[in-house]
Structure formats: C-alpha cells, structure tokens
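Each chain is listed here by its residues.
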Amino acid sequence: MFYTELTFHIFPYVEDIADAIIAELGDLGYDSFSYTDDGFKAYIPSNKFDEEQVKSLEILSFFQSLYTISWEKAEIENQDWNKIWEENFTPILVQDRILVRAGFHPTIENIEHEIIIDPKMSFGTGHHATTALMLETILDMKPDFSGKKVLDMGCGTGILSIMAAQSGAQSVTGIDIDEWAYNNAMENIATNNLNNIRVLIGDATLLDGREHYDIILANINRNILLNDMPAYVNVLNDKGYLIMSGFYTEDIPIIREKAESLQLTYQSNKVKDNWTAVIFRKN
C-alpha cells in the first residue's frame, strides 16, 4: 500500500500548534504522525488523500495570521508506524503530578499519577493542549470522581479513562468510533493494570438511556459536541458533570448557549494556547 506523506513547516515552531493541526488531520483520516525540527509529517493511505480537504482546513487560516505554515506532499511505501511513534513520543508532566510516558521511558519516583500510553496510531497522548487540559481538570476535581460512574466519549488511547479510574471512579466506559483506538485503549488499560474500564466501538448513538453516568468526559471537537450534547445530557445523572474540550476559547459562547438550553449550568473553564476545557453541571 502507498501512503501520502505531508510535511508541514511552522515558523516560528510551536509544538502546540503542530498538535492542533495534527488533531484536525486525525479527523480527516490521517493515521500516523512524526515530529520534525520545524513541524511534523502526517500520513494517510494515498487512496484517501484529498488535497482540497487539507487546503480548506480552518485551523490553517486561523493560525496563518501569527505563524508561517507551509506543507508539501510525497508518496511513499508503507512504513513501520509503531517505530515512528516510538521515535517521536516524549514523556510529559502535567502540573508536576501526572507523568504520561510510554513503556520504554523511565519512571519518576514518588509521582502522584503515572499513565503509561503506547499510542501507536490513536490520538490522545497528553501532548495536545486539550488532552492536558482535561487531565488537569480531572486532577482538580479528583474528589468528585471517587466512587462515580464515568463516561469517556472519543476515548482515543484511553488516557482520560485511565486518569478517571486512577482518581477513584467506580467504573469507566470509553467509547470511540475507531477500531484502532478501541484496540489501543484496551492495550493501554491492561498495561496500567486497571480492571474497571470497558471500551465500546461506536458513537453517541450507543447512549440509549439504559445506563447513566455521574461524570461525562468529551474531548472531541466543537461540531460533534454541539450535535451530541443532547445525548450526553440524556444519560447524565442529576447534579452530574459534563466536562468538554476540543474547541477554542472563542467557541465558548456557542457551547455554553447549547449547554444551558439543555438545563446545564456553567461552572468554570481552563485555557491553554487558546484551547479550552469547560465544566457544566446538570441541574
């Protein structure tokens, strides 16, 4: 199989900008990425490559006023994507209390939370601002997770599910539409020696009302959140929390308007590099 390789150059280089573009490309079907000194490379099967989709990405025009972003394409043969991940995945610290690392990285003594993630081609390593914001929010709300039922929508690698379980959740259900994410999440859950997390393949249509949750985590993107919020609220217990990220601070008004129309009350938000995480509570 042949892949199309896109090489992005960002000047001045900021890793969070690269991560933001990577997140958008992931939604278009790009299934592996590797960092370079001034950007990153993104890969997609050549039969799925659509140049106009890339050119029309809103995030590129959004950042063009502050950064010079260019890209070129090439066609290559299949590669060992896991090896690419291993060469480019670096450990991160969140508030000096959460260590996110791959299995081949050394640990840190006396760290409060250690999450081992071997991401392969799934999204959600903690490097992107939205994932880090969600981890920080769970850390801040740690007492609220004790003994609770948690739902993690768009669970990716399972990183938020793992953090929720480590924070004392009674049970966690992760849902992702991608089969690769499902397999990767299951591997990461096993690696972290957790037995109270289950993962399902699908989307918000799985939320049929037979199960309800005390806390719902959703780190996806603005449009999916706006579309699926009624389904989330339908399975959220009274006084439960809906914690969302995957959108910019400028999107807060439209997210808040939708949430409040569903009888949710705004609690607070966190901001990092113009991305935000917002907490709502069901009345």
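Please refer to the structure higher up on the page.
Predicted model only: the values in this text are computed from it and were never measured.

The rules behind these values
- Residues numbered from 1 in each chain as written.
- Predicted model: local features only at pLDDT ≥ 70, side-chain atom pairs only at ≥ 80, totals over all residues.
- Heavy atoms only, no water.
- Phe/Tyr/Trp six-rings, centres within 6.5 Å; stacked < 30°, edge-to-face > 60°.
- Helix = DSSP H or I, 4+ residues; strand = E, 2+ residues; numbered from the N terminus.
- Buried < 20%, exposed > 50% of the residue type's maximum accessible area, 1.4 Å probe, protein only.
- Lys NZ or Arg CZ within 6 Å of the ring centre and 35° of its normal.
- Pairing = 2+ DSSP bridges.
- Axes fitted to C-alpha atoms, helices over the stretch in contact; angles between N-to-C directions.
- Parallel < 35°, antiparallel > 145°, perpendicular 65-115°, else oblique.
- Contact = heavy atoms within 4.5 Å.
- Nonpolar A, V, L, I, M, F, W, Y, C, P; charged D, E, K, R; others polar.
- Expected span 1.5 Å × (residues − 1).
- Core = buried A, V, L, I, M, F, W, Y, C linked by side-chain atoms within 4.5 Å.
- Domains from an automatic or database assignment.

(A) View of the packing of aromatic side chains. Counted under the stated rule, the structure contains seven aromatic pairs. With a centroid separation of 4.3 Å and an interplanar angle of 35 degrees, the aromatic rings of Y248 and W275 are classed as tilted. Of this pair, Y248 sits in strand 12 (residues 236-248) while W275 is found in strand 14 (residues 275-282), placing the two residues 27 residues apart along the sequence. Summarising the burial analysis for this pair, Y248 and W275 share the class buried. An aromatic cluster is defined as three or more aromatic residues linked by ring pairs; in this entry it consists of F62, F63, Y67, Y248 and W275. The aromatic ring of Y213 is capped on one face by K149, whose charged end is 5.6 Å from the ring centroid.

(B) Representation of the sheet that holds strand 6 (residues 98-101) in the model. Overall, mixed pairing links the three strands, which are arranged 5-6-7 in an open sheet. The open sheet is flanked by strand 5 (92-94) and strand 7 (113-116), the only strands paired with a single partner. Taken pair by pair, the neighbouring strands of this sheet meet at an average axis angle of 20 degrees, ignoring direction. In this structure, strand 6 lies alongside strand 7, joined through four bridges in parallel fashion. Following the sheet pairing, V100 is matched in strand 7 by I115.

(C) Looking closely at unusual backbone geometry. The residue after F11, namely P12, is reached through a cis peptide bond having omega -10 degrees. Unlike most non-glycine residues, N193 shows phi in positive territory, near 55 degrees. On the basis of relative accessibility, which here comes to 68%, the residue N193 falls in the exposed class. The backbone of K239 shows a phi angle near 70 degrees, a positive value even though the residue is not glycine.

(D) Quick look at the packing of helix 9 (residues 222-234) against helix 10 (residues 252-261). Put simply, helix 9 and helix 10 touch, their axes get as near as 10 Å, and they point 5 degrees apart. In terms of orientation, helix 9 lies roughly parallel with respect to helix 10. Contacts from R222, L225, L226, M229 and P230 in helix 9 reach I254, I255, K258 and A259 in helix 10. For the contact of helix 9 with helix 10, the class distribution of residues is seven nonpolar, no polar and two charged.

(E) Expanded view of the environment of F11. Locating F11 in the fold gives a position in strand 1 (residues 2-11). Distance from F11 to A74, taken between C-alpha atoms, is 21 Å for residues 63 residues apart in sequence. Residues within four places of F11 in sequence aside, it is in contact with Y67 and T68.

(F) Main features of helix 5 (residues 129-140). Along its twelve residues, helix 5 runs 16 Å from first to last C-alpha, staying within 8% of the 16 Å computed at 1.5 Å per residue. Most of helix 5 is tucked away: eleven of the twelve residues are buried.

(G) Spotlight on the sheet that holds strand 3 (residues 39-45). Overall, antiparallel pairing links the four strands, which are arranged 2-3-1-4 in an open sheet. Looking at strand neighbours, the two that pair on one side only are strand 2 (32-36) and strand 4 (68-77), the edges of this open sheet. Neighbour to neighbour, the strand axes of the sheet diverge by 20 degrees on average, direction disregarded. Bridge count between strand 2 and strand 3: five bridges; the pairing is antiparallel. The residue of strand 3 that forms the bridge with F33 is A42. Relative to strand 2, helix 1 (residues 15-27) is tilted by about 160 degrees, and along the sheet it contacts strand 1, strand 2, strand 3 and strand 4.

(H) Structural view of the nonpolar core. By size, the foremost hydrophobic cluster in this structure holds 58 residues, and its most contacted members are I21, F40 and L217. A domain split of this core shows at least three residues from each of domain 1 (3-78) and domain 2 (128-282). With residues up to four places along the chain from it excluded, the contact list for F40 reads L6, T7, F8, I10, A18, I21, I22, L25, F33, S34 and Y35. In this structure, L225, V233, M244 and F247 belong to the second largest nonpolar core, which totals 26 residues.

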